[in-house]
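Chain residues, written in single-letter form:
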Amino acid sequence: MSDVKSVTALGGKSFGGLVRVAEAPLQGMITVRGDLGLASVKEAATGLTKAEMPATGRIETGAEGAIAWMSPDELLVLCAYADAAPSVPKMEDTMAKDFASAADVSDARAMFRLEGALSREVLAKLSPADLSVEGCAVGQMRRTRLAQVPAAIWFTDDETASVICFRSVADYVFALLKTAAQPGSAVGLAPAG
Amino acid sequence: MLILQCPYCGVMADETELSPGGEAHLTREGPGASDDAFHDYLFMRENPKGVHFERWRHAYGCGKWFHAARCTTTLQVFGTYKAQTTEPPKDIRDRITKARPGWTWRDYA
C-alpha cells in the first residue's frame, strides 16, 4: 500500500470559460476539533502553519499554510500534502492533555480554484450565500452549499476563489462549476471591485 | 425566503442552508413522567399564526443548533440565539413586544 501514489479526485482537470476553473493539486488538510480557546489547540494549529489563529468565520494564511475557522469547535488546517499525515500525531501529542483531536482529511476532500474577474458571479449562481465583495470579503471563510452539496469558499484576492468540497462529490462540483462558467452565461452582476 | 443569522458563526444563512428542528424549548419528558406529560411532549405543539420559536441547525455551515424567533405569517425574524438557552431571552422578547404588542407564546408574553 505504501507505494501507492496519491492522486487528486479528478487528476487536475481544468476548464476555461467565464473564469478558469481548475482542480487544485494535492493539498494537505487537517481537521482540528476542540475548544478553540485552548492554548494547546492554538499551538497545534499555528505551530504547523505559522499562521495566526483565525477569528470567527475567517481564514488566516501563514508561511507554511493556512488556518480556517470552520465552526466554534473546528479548524481546518491547510498545509503541504506531504506534511499532513506526519503532522497529525505531533498535533495529537500537543493536545494530548485536552479534549481535542486532529485528523488528516487530505484525501477526503477535493479543492478547486477559480480565477477570473467573474469568480464571484460564477459561485453566486450555485450558492445561496452572499458572495459579493461586502458579503464575502477576502480572508473570510464561507461554508455554504454549491447546488446540492456542502462546500467551503474563500477568496484569496478579488479575482481568485478556492472551493473545498467532499472528494466523493468532486466530479459533481466540477460539473457545476463548468456549467456556471459556460461562455456567454454571464448574468451581469458587477464584477469584483 | 427565510434568512437567519447563525449566532455561532455570524453567517446570514439562507433557509436552504439550514435544517429545521421543530419547536423550541420543549421539555423532554422521560421515564418516570406521567402519561399525560409524555403525551403532551410527544404530540402537543403550538402551531401558532404569528410569533413562534423554533430550532434550526446550520447544516451547510458550522453545523450548530440554534434558536430563532420569527413570525409564521410574515416571516419577520425577531432574532436568533444560541441553543444553550432554556427560554426565550429577554432582549428577543422585548423586540417581539415592540413589533407585536400583546403577543403570547405558551406562557411567554
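Analysis parameters
- Residues numbered from 1 in each chain as written.
- Chains lettered and ligands numbered in written order.
- Predicted model: local features only at pLDDT ≥ 70, side-chain atom pairs only at ≥ 80, totals over all residues.
- Heavy atoms only, no water.
- Phe/Tyr/Trp six-rings, centres within 6.5 Å; stacked < 30°, edge-to-face > 60°.
- Helix = DSSP H or I, 4+ residues; strand = E, 2+ residues; numbered from the N terminus.
- Buried < 20%, exposed > 50% of the residue type's maximum accessible area, 1.4 Å probe, protein only.
- Lys NZ or Arg CZ within 6 Å of the ring centre and 35° of its normal.
- Pairing = 2+ DSSP bridges.
- Axes fitted to C-alpha atoms, helices over the stretch in contact; angles between N-to-C directions.
- Contact = heavy atoms within 4.5 Å.
- Parallel < 35°, antiparallel > 145°, perpendicular 65-115°, else oblique.
- Left-handed = near helix turned anticlockwise from the far one by under 90°.
- Buried area = accessible area lost by both parts, 1.4 Å probe.
- Salt bridge = Lys/Arg side-chain N within 4 Å of Asp/Glu carboxyl O.
- Polar contact = N/O pair within 3.5 Å; in protein donor to acceptor, adjacent residues only side chain to side chain.
- Nonpolar A, V, L, I, M, F, W, Y, C, P; charged D, E, K, R; others polar.

Q: With reference to specific residues and values, describe the packing of aromatic side chains.
A: This model, assessed by the stated rule, comprises five aromatic pairs over all chains. Taking the centre distance of 5.9 Å and the plane angle of 45 degrees together, the rings of Phe53(B) and Trp103(B) count as tilted. Linking Phe53(B) in strand S4 (residues 51-57) with Trp103(B) in the segment after helix H2 (90-99), this pair joins segments that are 50 residues apart in sequence. Of the two residues, Phe53(B) and Trp103(B), neither departs from the other in class, the shared state being buried. An aromatic cluster is built from Phe53(B), Trp103(B), Trp105(B) and Tyr108(B), whose rings are joined through pairwise contacts. Between the NZ or CZ atom of Arg120(A) and the centre of the ring of Phe155(A), over which it lies, the distance is 3.9 Å.

Q: How would you explain the sheet that holds strand S11 (residues 160-166) of chain A if you had to name every residue and give the values?
A: All names here are of chain A. The strand order across the open sheet built from six strands is S1-S2-S8-S11-S10-S9, with neighbouring strands paired in antiparallel fashion. Two strands in the sheet have a free side with no partner beyond their single neighbour: strand S1 (14-16) and strand S9 (141-146). Averaged over all pairs of adjacent strands, the angle between their axes in this sheet comes to 20 degrees, without regard to strand direction. Taken together, the three bridges between S1 and strand S2 (residues 20-23) define a ladder with antiparallel strand orientation. Within the sheet, the bridge partner assigned to Phe 15 lies in S2 and is Val 21.

Q: Which residues make up the environment of Ala151(A), and what values go with them?
A: Residue and element names in this part refer to chain A. Inspection of the secondary structure assignment puts Ala 151 in strand S10 (residues 149-157). Distance from Ala 151 to Val 173, taken between C-alpha atoms, is 9.0 Å for residues 22 residues apart in sequence. Setting aside residues up to four positions removed in sequence, Ala 151 forms contacts with Arg 142, Arg 143, Thr 144, Arg 145, Leu 146, Val 163 and Ile 164.

Q: So, the sheet that holds strand S4 (residues 59-62) of chain A: which residues are in play, and what are the values?
A: All names here are of chain A. Taken in spatial order, the five strands line up as S4-S5-S6-S3-S7 in an open sheet, and their pairing is antiparallel. The open sheet terminates on both sides in strands that have one partner only, identified here as S4 and strand S7 (101-104). The sheet shows a mean angle of 20 degrees between the axes of neighbouring strands, direction not considered. Bridge count between S4 and strand S5 (residues 65-71): four bridges; the pairing is antiparallel. Within S5, the position partnered with Thr 61 by the bridge is Ala 66. Helix H1 (residues 39-49) rests against strand S3 (28-33), S4, S5 and strand S6 (74-79) of the sheet, and its axis sits at about 20 degrees to S6.

Q: Just give me the short version of the packing of H1(A) against helix H2 (residues 81-94) of chain A, but keep the residues and values in it.
A: Residue and element names in this part refer to chain A. One can describe the packing of H1 onto H2 by two numbers: an axis separation of 8 Å at closest approach and a directional angle of 150 degrees. In this view, H1 runs roughly antiparallel relative to H2, as classed from their interaxial angle. As H1 runs across H2, the sense of the crossing is right-handed. Seen from H1, the contacting residues are Ser 40, Glu 43, Ala 44, Ala 45 and Leu 48; seen from H2, they are Ser 87, Met 91 and Thr 94.

Q: Give a description of the pairing of S11(A) that names residues and reports values.
A: All names here are of chain A. Most of S11 is tucked away: six of the seven residues are buried. Where strand S8 (residues 109-115) lies against S11, seven bridges are found, and the strand directions are antiparallel. When the bridges of S11 are listed, Phe 112 appears paired with Val 163. For S10 and S11, the ladder comprises six bridges, and the chain directions are antiparallel. Counterpart to Phe 155 in the pairing with S11 is Ala 161. Remark: two residues form the turn of the hairpin made by S10 and S11, two consecutive strands paired antiparallel.

Q: Lay out the interface of chain A and chain B with the relevant residues and their values.
A: At the junction of the two partners, chain A supplies 16 residues and chain B supplies twelve residues. Together, the buried faces of chain A and chain B total about 980 Å²; carbon and sulfur atoms form 56% of this surface. The interface formed by chain A and chain B contains two salt bridges. Taken together, the links from chain A to chain B amount to seven residue pairs in polar contact (both at pLDDT 80 or more). Elements with a contribution of two residues or more to the side of chain A that touches chain B: S5, S9 and S10 of chain A. Among the residues making up the side of chain A that touches chain B, the classes are represented as seven nonpolar, four polar and five charged.

Q: Report on the pattern of salt bridges, specifying residues and quantitative values.
A: The full count for this structure, using the stated rule, is eleven salt bridges over all chains. The residue Arg120(A) makes a salt bridge to Asp158(A) at a minimum N-O spacing of 3.6 Å. Pair noted here: Arg120(A) is in helix H3 (residues 119-124) and Asp158(A) is in the loop between S10 and S11, with a separation of 38 residues, a long-range link. One salt bridge in this structure joins Arg93(B) and Glu87(B), with 3.8 Å as the shortest N-O distance. One connected set of salt bridges, linked through shared partners, spans Arg33(A), Asp73(A), Glu74(A) and Lys64(B).

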